[in-house]
Amino acid sequence: MLYAIFGNDVPDSLEKRKGARPAHLARLQTLQDEGRLLLAGPFPAVDAIDPGAAGFSGSLIVAEFASLTEAEAWAAADPYVAAGVYAQVAVRPFRKVFPA
């Protein structure tokens, strides 16, 4: 089943993000290599593709996991969590409708 993982950043998270980004992306690459990643990316803190110093306000990951418990455990082990980038993480079941 698909699960949506929402990470909400702490204020001024940009430097923490930069430090943990390689490990964070490596985990996402593993999901992609396994064919389990639907999409992933950050929310710019301002209305721009590259927010510069404004940084990001959070992230969204939609991926396949065997259960909600597995998705929550995967999210809790994210390098952004360990680095203090995320103030809060929520995981919810997700049903893709479009594109078909």
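Scroll up to find the structure.
The structure contained in this document is the topic of the report that follows. (Residues numbered from 1 in each chain as written. Predicted model: local features only at pLDDT ≥ 70, side-chain atom pairs only at ≥ 80, totals over all residues. Heavy atoms only, no water.)

The next subject is the packing of aromatic side chains. In the structure shown here, the tally under the stated rule is three aromatic pairs. A connected cluster of aromatic rings, assembled from ring pairs, spans Tyr3, Phe65 and Trp74. The lysine or arginine in question, arginine 27, covers the ring of tryptophan 74, its NZ or CZ lying 4.0 Å from the ring centre. (Phe/Tyr/Trp six-rings, centres within 6.5 Å; stacked < 30°, edge-to-face > 60°. Lys NZ or Arg CZ within 6 Å of the ring centre and 35° of its normal.)

Within the largest apolar cluster, 11 residues are counted, these being Tyr3, Ile5, Leu28, Leu31, Ile61, Ala63, Phe65, Ala71, Trp74, Ala75 and Val91. Ranked by residues supplied to this core, first place goes to helix H2 (residues 68-76) with three residues. Setting aside chain neighbours within four positions, we find valine 91 in contact with Tyr3, Ala4, Ile5, Leu68, Ala71, Glu72 and Ala75. (Core = buried A, V, L, I, M, F, W, Y, C linked by side-chain atoms within 4.5 Å. Buried < 20%, exposed > 50% of the residue type's maximum accessible area, 1.4 Å probe, protein only. Helix = DSSP H or I, 4+ residues; strand = E, 2+ residues; numbered from the N terminus. Contact = heavy atoms within 4.5 Å.)

The next subject is H2. Turning to H2, its buried residues are Ala71, Trp74 and Ala75. Along the long axis of H2, the arc covered by the buried residues comes to 100 degrees, so they all point the same way. Seen from the buried face of H2, the exposed residues on the opposite side, beyond 90 degrees, are Thr69 and Ala76. Packing partners of the buried residues in H2 comprise strand S1 (2-9), helix H1 (14-33), strand S3 (56-64), helix H3 (79-82) and strand S4 (86-94). (Arc of directions from axis to C-beta.)

Where a strand is regular, its side chains alternate between the two sheet faces. Examined bridge by bridge, S1 and S3 share seven bridges and lie antiparallel to one another. Counted as the bridge partner of phenylalanine 6 is leucine 60 from S3. Bridge analysis of strand S2 (residues 37-44) against S3 gives seven bridges, and the strand direction is antiparallel. In the sheet register, glycine 41 faces S3, and the bridge partner there is leucine 60. (Pairing = 2+ DSSP bridges.)

Its location among the elements puts valine 91 in strand S4. Taking the C-alpha atoms as reference points, valine 91 and tryptophan 74, separated by 17 residues in sequence, lie 10 Å from one another.

Here H1 spans 27 Å end to end across 20 residues, near enough to the 28 Å set by a 1.5 Å rise per residue. The largest bend along H1 measures about 55 degrees and falls at alanine 20, with the proline proline 22 one to four residues further on. Looking only at H1, the buried set comprises Leu14, Arg17, Ala20, His24, Arg27, Leu28 and Leu31. Looking at the buried residues of H1, the elements they touch are S1, S2, S3, H2, H3 and S4. Where H1 terminates, the next one or two residues include glycine 35, which has phi positive at roughly 75 degrees. (Expected span 1.5 Å × (residues − 1). Bend = angle between axes of the 7 residues up to and from the residue.)

The next thing to look at is the sheet that holds S4. As summarised here, the arrangement of the four strands in space is S2-S3-S1-S4, forming an open sheet in which the pairing is antiparallel. Each edge of the sheet is formed by a strand with only one pairing partner; in this case those strands are S2 and S4. For this sheet, the mean inter-axis angle between neighbouring strands, taken without regard to orientation, is 10 degrees. Bridge count for S1 against S4 is eight bridges, and the pairing is antiparallel. Residue pairing for S4: leucine 2 is matched across the bridge by phenylalanine 94. Strands in contact with H1 are S1, S2, S3 and S4; relative to S3, the strand with the most contacts, it is inclined by about 10 degrees. (Axes fitted to C-alpha atoms, helices over the stretch in contact; angles between N-to-C directions.)

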